[in-house]
Amino acid sequence: MKLKEKVAVITGAAQGLGAHFAVGLAEEGANVLVADILDGGEVVQRINENGGRAAAMICDVSDEKDCNKMIETAESLFGGVDILVSNAAIFSELKLQSMMDITVEEWDRTMAVNIRGVWFSAKAAIPAMQKRGGGSIINIATNRALIGVPMMLHYDASKGAVLAMTRAMAAELGDKNIRVNAVAPGLTMSEQVLKREGIAERNSSIVNKRPLKRTQTPEDLIGSVVFLASDASEFITGQTIIVDGGSVMR
Ligand SMILES: NC(=O)c1ccc[n+]([C@@H]2O[C@H](COP(=O)([O-])OP(=O)(O)OC[C@H]3O[C@@H](n4cnc5c(N)ncnc54)[C@H](O)[C@@H]3O)[C@@H](O)[C@H]2O)c1
């Protein structure tokens, strides 16, 4: 087990990729706090039934008080925080639309969750990680921010900011022994993505163009998150692992 005795906080983990990260980190021995605006009880049950240790709490990452509470909860339940996976985002609910049609409200909400949420979560976790002598922050971005894809300008802008913040935070936090890295997935079949209209056609057009010609699943991402959380990556910071079957090269 690579993460025995470690404590991981995963935002947006009640479903989708975040839930897979929570299960994957718990399988490597981490105690896991599942934080989301939705109830994460099912994920906790799954982890606990498999012999792991997990708890869930409601947390809106765009609210600083909620983020502080999230870290306090992890400290009081599990004794500290070593790993933060900033995965929560406004994503699957966004429709593909021209930049001409995005509303200001939708733009601002996307930025509040996807950017400010990453900042607040890290800000809350840093003092807790310092108490443990360091830690690992993993921000979930997207390959879209690197490729240039039409029809989700607000989302892509927010994830571009996440990539920039990953590097800036890594530069600022290195002397505290806190590493900050990002994982940039390609289109991945999480529960909500699978429900999207026209997803099969969009996915097959992506699959056909990339070197590894198959559909990306949530399991494809767990290895990178575990690697960045573990001591196997102890001299890696400010980096982005692109997990997309090579799409970014096309
Ligand atoms: N699935 C993909 O194709 C894909 C590709 C690239 C990147 N990503 C990124 O991976 C992450 C997870 O994606 P997913 O497919 O599971 O998406 P999703 O929309 O199903 O999951 C997002 C989770 O974040 C939670 N959330 C939303 N607002 C929140 C808030 N204010 N506070 C706390 N939690 C909040 C949601 O309740 C949900 O559980 C996101 O950051 C997304 O941008 C996904």
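A short tour of the structure in this document, coming up. Keep in mind that what you see is a predicted model, and the values were worked out from it rather than measured.

### Observations concerning the environment of Ala171
- Note on placement: Ala171 falls in helix H6 (residues 153–173).
- Assessed through its relative accessible area of 66%, Ala171 is described here as exposed.
- Distance from Ala171 to Thr237, taken between C-alpha atoms, is 8.3 Å for residues 66 residues apart in sequence.

### Quick notes on the site of the ligand
- Among the 29 residues in the neighbourhood of the ligand, the closest are listed as Asp36, Ser92, Tyr155, Thr188 and Ser190.
- Within the backbone of Cys59, one N or O atom sits 3.3 Å away from a nitrogen atom of the ligand.
- One nitrogen or oxygen atom from the side chain of Lys159 is found 2.9 Å from an oxygen atom belonging to the ligand.
- Starting from 820 Å² of accessible surface for the ligand in isolation, the protein chains cover 97%.
- Among the cavities detected, the one that contains the ligand is the largest pocket.
- Of all the secondary structure elements, the ones that give two or more residues to the shell around the ligand are helix H1 (16–27), helix H4 (104–131), H6 and helix H7 (191–194).
- Grouping the amino acids of the shell around the ligand by side-chain chemistry returns 15 nonpolar, 10 polar and four charged.

### Section: helix H2 (residues 41–49)
- What H2 keeps buried is the set Val43, Val44 and Ile47. One side of H2 holds all its buried residues, which, seen down the axis, span an arc of 100°. Facing away from the buried side of H2 by more than 90 degrees, the exposed set consists of Glu42 and Glu49.
- Along its buried surface, H2 packs onto H1, strand S2 (31–36) and strand S3 (53–58).
- Positive backbone phi, approximately 90°, marks Gly51, located one or two places after H2.

### Here we look at the packing of helix H3 (residues 64–78) against H4
- Running from amino to carboxyl end, H3 crosses H4 at an angle of 30°, the nearest separation of the two axes being 8 Å. When the axis of H3 is compared with that of H4, the two are roughly parallel. Here H3 runs over H4; the crossing is right-handed. In this structure, H3 uses Glu64, Cys67, Asn68, Met70, Ile71 and Glu75 to contact H4, whose residues at the interface are Phe120, Ser121, Lys123, Ala124, Ala125, Ala128 and Lys131.
- Among the residues making up the contact of H3 with H4, the classes are represented as seven nonpolar, two polar and four charged.

Analysis parameters
- Residues numbered from 1 in each chain as written.
- Predicted model: local features only at pLDDT ≥ 70, side-chain atom pairs only at ≥ 80, totals over all residues.
- Heavy atoms only, no water.
- Helix = DSSP H or I, 4+ residues; strand = E, 2+ residues; numbered from the N terminus.
- Buried < 20%, exposed > 50% of the residue type's maximum accessible area, 1.4 Å probe, protein only.
- Near = heavy atom within 4 Å.
- Polar contact = N/O pair within 3.5 Å; in protein donor to acceptor, adjacent residues only side chain to side chain.
- Areas by Shrake-Rupley, 256 points an atom, 1.4 Å probe, with all protein chains shown as cover.
- 1 Å grid on protein atoms, 1.4 Å probe; cavity = no way out; pocket = protein on both sides within 12 Å on 5 of 7 lines; lining within 4 Å.
- Sits in = over half its atoms within 2 Å of the grid points.
- Nonpolar A, V, L, I, M, F, W, Y, C, P; charged D, E, K, R; others polar.
- Arc of directions from axis to C-beta.
- Contact = heavy atoms within 4.5 Å.
- Axes fitted to C-alpha atoms, helices over the stretch in contact; angles between N-to-C directions.
- Parallel < 35°, antiparallel > 145°, perpendicular 65-115°, else oblique.
- Left-handed = near helix turned anticlockwise from the far one by under 90°.

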